[in-house]
Amino acid sequence: QVQLVESGGGLVQPGGSLRLSCAASGFTFSKYAMGWYRQAPGKGREFVAGITSVSGTTNYTDSVKGRFTIARDNAKSTLYLQMNNLQLEDTAVYSCKAVGRAADSTLHAYWGRGTQVTVSS
């Protein structure tokens, strides 16, 4: 059974830091591209950061460049998001997503349930 379980969210003051984790199981993590998405209250879900499966190439939405860092540990089947200098507008539920092909070449996408990040003074 595929599972993506996020952790590390919480309440932080502006300028603070958090590190999110996404523990994966039930699929070959190293073969899947991974990403972080967020959904703020009253808004749609938006892409935050992504990392490819093989080369580990990363990309970010403009609003988090220079503040957030995405990383993966294939040995631990875990995805991370280091978030520094958090701002009020970073408040959202953060979810991880896995996209890749199974052994039969069918494309699959899996989502975690999310972890709440609240930035408030």
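What you are looking at is a predicted structure, and each value in this text was computed from that prediction instead of being measured.

Peer 1: Whenever I open this one, the sheet that holds strand β3 (residues 18–25) confuses me. Can you help?
Peer 2: Strand pairing in a sheet is mediated by backbone hydrogen bonds. Such pairs are either parallel or antiparallel. Spatially, the 4 strands line up as an open sheet ordered β1-β3-β8-β7, and their pairing is antiparallel. Edge positions in the open sheet fall to β1 (3–7) and β7 (68–73), since each of these has one partner strand only. On average, each strand axis in the sheet is tilted by 15 degrees relative to the strand beside it, whichever way the strands run. Pairing analysis gives 6 bridges linking β7 to strand β8 (residues 78–83), with the strands arranged antiparallel. Looking across to β8, one finds that A71 is bridged to Y80.

Peer 1: Sorry if this is basic, but what is going on with the environment of V2 here?
Peer 2: Within the secondary structure, V2 is located in the segment before β1. Separated by 39 residues in sequence, V2 and P41 place their C-alpha atoms 27 Å apart.

Peer 1: What's the story with the environment of T61 in this structure? I'm lost.
Peer 2: One can find T61 in the loop between β6 (58–60) and β7. Separated by 13 residues in sequence, T61 and V48 place their C-alpha atoms 5.3 Å apart. When residues no more than four places from it in sequence are discounted, the contact partners of T61 are F47 and V48.

Peer 1: Is there a simple way to think about the pairing of strand β11 (residues 115–119) in this case?
Peer 2: Every other side chain in a regular strand lies on the same face of the sheet, so the side chains alternate between the two faces. The two faces of β11 differ: T115, V117 and V119 on one face are buried, but Q116 and T118 on the other face are not. Note that strand β9 (residues 92–101) and β11 share 3 bridges and pair antiparallel. Bridged to Y94 within β11 is T115.

How each quantity is defined
Residues numbered from 1 in each chain as written. Predicted model: local features only at pLDDT ≥ 70, side-chain atom pairs only at ≥ 80, totals over all residues. Heavy atoms only, no water. Pairing = 2+ DSSP bridges. Helix = DSSP H or I, 4+ residues; strand = E, 2+ residues; numbered from the N terminus. Axes fitted to C-alpha atoms, helices over the stretch in contact; angles between N-to-C directions. Contact = heavy atoms within 4.5 Å. Buried < 20%, exposed > 50% of the residue type's maximum accessible area, 1.4 Å probe, protein only.

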